Each structure stands twice: as C-alpha cells, then as structure tokens.
Number of protein chains: 2
Amino acid sequence: MSNAGEGGNGGVQSVDRALTILEVLARVGEAGVTDIAAELGVHKSTAFRLVTTLESHRLVEQTADRGKYRLGVGVLRLAGATTARLDLVQEARPVCRQLAAGTGETVNLAVLSESSALYLDQVAGSSALQPHNWVGQHIPLHATSNGKVLLSGLDDAALDEVLGGLSRYTAMTITRKSQLREEIKLVREQGYAVAVDELEVGLTAVAAPIHNAHGDVIASMSVSGPTFRLPAERVEEVLPMLVEAAVEVSHRLGWGHR
Amino acid sequence: MSNAGEGGNGGVQSVDRALTILEVLARVGEAGVTDIAAELGVHKSTAFRLVTTLESHRLVEQTADRGKYRLGVGVLRLAGATTARLDLVQEARPVCRQLAAGTGETVNLAVLSESSALYLDQVAGSSALQPHNWVGQHIPLHATSNGKVLLSGLDDAALDEVLGGLSRYTAMTITRKSQLREEIKLVREQGYAVAVDELEVGLTAVAAPIHNAHGDVIASMSVSGPTFRLPAERVEEVLPMLVEAAVEVSHRLGWGHR
DNA sequence: GGAACAAGTTGCGGATGACGCAACAGGGTG
DNA sequence: CACCCTGTTGCGTCATCCGCAACTTGTTCC
C-alpha cells in the first residue's frame, strides 16, 4: 500500500512525483529545487534528481547554471506529436482556418477536461487585434460559449459532478445553477451557444458542438471577437457559417455516416 | 551497473523509463503495453504501471477500454504553459504575424534542439496554399534556411559535434561538409540564409537569426513558400523585411540594449 | 459454441534502486 | 569575513519498484 492513499495519483511513486513537478512548473512558471521539494514534501536531493531526469529529456531546463527550472522545449516536441495525432485537431484545422478567413474573427477549438474547457487549437482572424493565445489554458465552463456547448453534451448526473461554484466574472455571468440549466437546455435545442460579456466585458463568442461517430459532443468550436465587432445582427450572420463548419468537422470524424 | 550505461539518460530509472514512453508514443503515435514493454526492454507489468501513472496525469490516454495508448491532453496543457512562459514565442508572435501579413508567406520560428531544428511557432501567410504545420517537428539543419542560421551561431567545435552525416534530399542539398562550412561562413557575413529546393523541390525559404541579450544566436525566423512565388527578385524584396523583423525580436529580448 | 490465443490488468515477494541525510560548492549580502 | 542562501553530490539504508505468474476479457478460428 503506502502510496495508494493520497489524492488521485497513479502507481509509480517517483514517476508520479516527477510529473507533479511538471504540473507545478506549468502553474508557477519557474521554481528552484528547494521550492519544488517543499511543494512535493520530499527532500531537496530527491527533487533535484527528479528534475535532472526531466532535464535529460528536455522537459525542463534551467534558466542559468545553478538557476531555477522551467518547462523546456521537449514539452513542445511532445505537443507537436500530440496534435499531429489527435485526429480532432488534424481534421478541424483546415475548417477552422476557412471559418476564420470567412468571418475575420478568431476561431477556437475546445474540449472538456477536468471540469473546465481546454483549448486545443486557435486560428486568428484577419483583424489586427490579436487576442490572447488560449491554447493549453483552462477556461470556466459556465461563462463561455464553448463551455456551455461542452456542458450541453453531458447528462444531468455528469453535469452535477462537473459544476462546482459558479464564479462571477462580470455582471452578465450566469451564477445560478437553475439559470444555467435553462441555458444549457436552450443550447441543446438550438445547437449553438452564445456568450456576450459573460467572461469579460467586451468579449463576445458563439460556439457550436462537434460530434463523434457515436453522436457524443466531443468538442466545441467557437468564433469570438470584441463585442463592438460582433453585435447581435453580425452574430446572426456568423452563426450559420459556424454551425456548418462544426457539422463539417463532425462529418469528417464519422458523425452521420450511419 | 544497469542504468548508468545506456545513452544519455538521467538519474531516476523509473522516471527515465516513463519519459521514454512519452517519446516512443510521440514517435509511433499509438502503442499497446506489450509494444512499449518490448521497446523499453522491461516486463509488461512494469510498462503497464508506468503508463498508468502517466495516464493519471493525463499525459497519455487509452483509445478504448483495454485499448492502446497515445499521448493525452495533459501534454497540451503543459505546452500551453510552456509557450506562455517562453518569452521568445511570446515576444516573437506579433512580429511574425506582421511579417506574414506583409509578405503573404508563411513565417516560422525555430530553435536548435538535439542536432536538429525544432519549430516553435508558425504563422500562415495569406495564401490559400496552407503548408504542413511544422510546430514540434524536427528538421535537418543542413538543408533548411533556418538550420543554416542556427548552425551559424555555433563555434567550430560545436559544429563538429552537431553535424553527422549530411543526408541528401534533393539535387540541391548540400552534402559535403566543406561546402556547408563555406555556406555557414557566408550566412554569418550576410546575416541571413537562403535555401532553394534543398529540402524539397519547389520549396524556397529565407531565414535570419534572432539574438538574445548576450548576442548569441538563440533562434531563427524564416519566410518560406513555393519557389514559383519566391524567385530571386522576390527574395530580394522579402529579405529586408525578414531581417528587420528578426532584429526587432532580438531587441525585444534585450539584444543591443548594452 | 467453445477452445486457444493474445491483449491488458493485478497480487506477491525479493533485491534493486531511489530516498533522506549530511556534507560540499558557489554567490550574494550584511 | 562570516553568514546564509542557493544547487549539487556520496553514501548507506529501507521502501519501492520490478519481474514473475496468474487472472480477466475480448477475438479468432475451428
């Protein structure tokens, strides 16, 4: 036993610790051996050896000799291989690109991951206003169009499990569970979701579901931009293009082929 | 004995093995426990436990219950955190974007990694012809403009170490070491590199170095496109824009601020 | 239909390999 | 110069991980 106890880790202790180091670095950006050791609750030397092993695979690198550690390029190599293999990203990319060109706005692709939305890919619109790159970021589910679409793919039991406290971000954020359930029901019926100023004032986004061969909602595709460029009438124009694009990707993934 | 021997691994055996699994999966895309065990030269159960630990951190996922394993979304999460922290990508992105808009061709950002060029970022040009996404890929150093620029930042000793056999890709590929040294010398003098049909017939690229605060060449920025769109006279037009962009990024990274 | 096979998964005991300790090596700062 | 803070390394012990072998489950082939 011994290691079987603590919250949700796997089998091999040292590997688990090493991977936790990666997560810590992802969270804090940079950390020294001592900080890491404290975070893991192990001895400095232990942390050092783990970090060294990670370093030999280029997953972390030290900023200077005897310096702190941060995530390394090896992570990017792996990520390149991951997206190359994830048929979702593979199939969706050309469609996203075309949609971005057609609308002039930014297109994002997101999946459900650990009670939040994980952005897998992003294609910038033609506009000069370049938004933050969200790829790899966790985003709240209840305050984004992508999040609402992803939630709409869950059944009620799963919904309960995923929804914790609904944080307020703006005056428009939906914070009552009952209201959110209504909204999700609406999303299911319409086949798309809209979020205006709910995560950030001045940010508007619309999203539509992507289905796999079994019909499950496996991802969400969104078009987003500043609210002044996406007023209600513009949203009306964008929606059909978005929904069509999402359907196209779903088809490529085998949806509707019986 | 045992672990100290084999090529270039770090200290902690089980972690080293686990990370090797990630690399194997990056290479082959999908693999079962048995395949992985064979690749590492360990017992099935060992491989299984390592994979399970990786899975608990979402770095790998199984395609189906009792199915094969592949890289998971956790890798993308880490990658998101990595690029967010790598000030190179951060600083270079807007410049790349502007350069892509100005030239209409694809802009890439590459660094040296383990005897090859690693592409960190890519901004597509306006043209419909969308090239392959190279992000996260390894590219030979001697047959690309980016590679030549990166080589130009090394001293002779490091050059010797990095250069193995010079594979031929096309009739234009430089395969003699002496010729490559001449070329690299030229790149140093000119401050940029050109590669026409050297990696692939019909592919032209030009690249310029990005320096850090110490003046080292830490990355390379390139403009590339089909040779028919980038004949010699067009390359002449593009070059100043490229060099200026590379200098701009270098400045942002502290180069030339004393 | 069931037998043989091959995949992933799990319990167990033994020895190997990872851990904590403590000492070392540099760099700042007072 | 002494102190304190880093990251780094040798060593002995004991916990941990590994290999074995048995189990489970799904597929193939009579």
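Check the entry above for the structure.
These numbers were taken from a predicted model, which means no experiment stands behind them.

Here is what the cut-offs are and how they apply
Residues numbered from 1 in each chain as written. Chains lettered and ligands numbered in written order. Predicted model: local features only at pLDDT ≥ 70, side-chain atom pairs only at ≥ 80, totals over all residues. Heavy atoms only, no water. Core = buried A, V, L, I, M, F, W, Y, C linked by side-chain atoms within 4.5 Å. Buried < 20%, exposed > 50% of the residue type's maximum accessible area, 1.4 Å probe, protein only. Contact = heavy atoms within 4.5 Å. Helix = DSSP H or I, 4+ residues; strand = E, 2+ residues; numbered from the N terminus. Near = heavy atom within 4 Å. Polar contact = N/O pair within 3.5 Å; in protein donor to acceptor, adjacent residues only side chain to side chain. Nonpolar A, V, L, I, M, F, W, Y, C, P; charged D, E, K, R; others polar.

*Asks:* So, the nonpolar core: which residues are in play, and what are the values?
*Replies:* Core analysis: the biggest nonpolar cluster contains 109 residues, and Leu88(A), Ile210(A), Met221(A), Leu88(B), Ile210(B) and Met221(B) have the highest contact counts within it. With residues up to four places along the chain from it excluded, the contact list for Leu88(B) reads Leu109(B), Val111(B), Leu120(B), Ile210(B), Ala219(B), Val249(B) and Leu253(B).

*Asks:* Tell me what's going on with unusual backbone geometry, and back it up with residues and numbers.
*Replies:* Non-glycine residue Asp197(A) carries a positive phi angle of around 60°. Position of Asp197(A) among the secondary structure elements: in the loop between β6 (193-196) and β7 (203-211). With relative accessibility at 18%, the residue Asp197(A) sits in the buried group. The phi angle at Arg58(B) is positive, at roughly 65°, despite the residue not being glycine. By the secondary structure assignment, Arg58(B) is in the loop between α3 (44-56) and β1 (60-62). For Arg58(B), a relative accessible area of 39% puts it in the partly exposed group.

*Asks:* Lay out the protein's contact with DNA strand D with the relevant residues and their values.
*Replies:* Taken together, 23 residues sit near DNA strand D, with Val33(A), Thr34(A), Phe48(A), Tyr69(A) and Thr46(B) positioned nearest. Taking all atoms of DNA strand D within 4 Å of the protein, the share assigned to sugar and phosphate is 65%. One of the side-chain nitrogen or oxygen atoms of Arg49(A) is found 3.3 Å away from a base oxygen of DNA strand D. Ser45(B) is positioned such that a nitrogen or oxygen atom in its side chain is 3.1 Å from a base nitrogen of DNA strand D. At the level of secondary structure, the elements contributing two or more residues to the surface near DNA strand D comprise α1 (13-28), α2 (33-40) and α3 (44-56) of chain A together with α1 (13-28) and α3 of chain B. Considering every element that reaches the surface near DNA strand D, the biggest residue donor is α3(A), with 4 residues. Here the surface near DNA strand D is built from residues that sort into 5 nonpolar, 12 polar and 6 charged.

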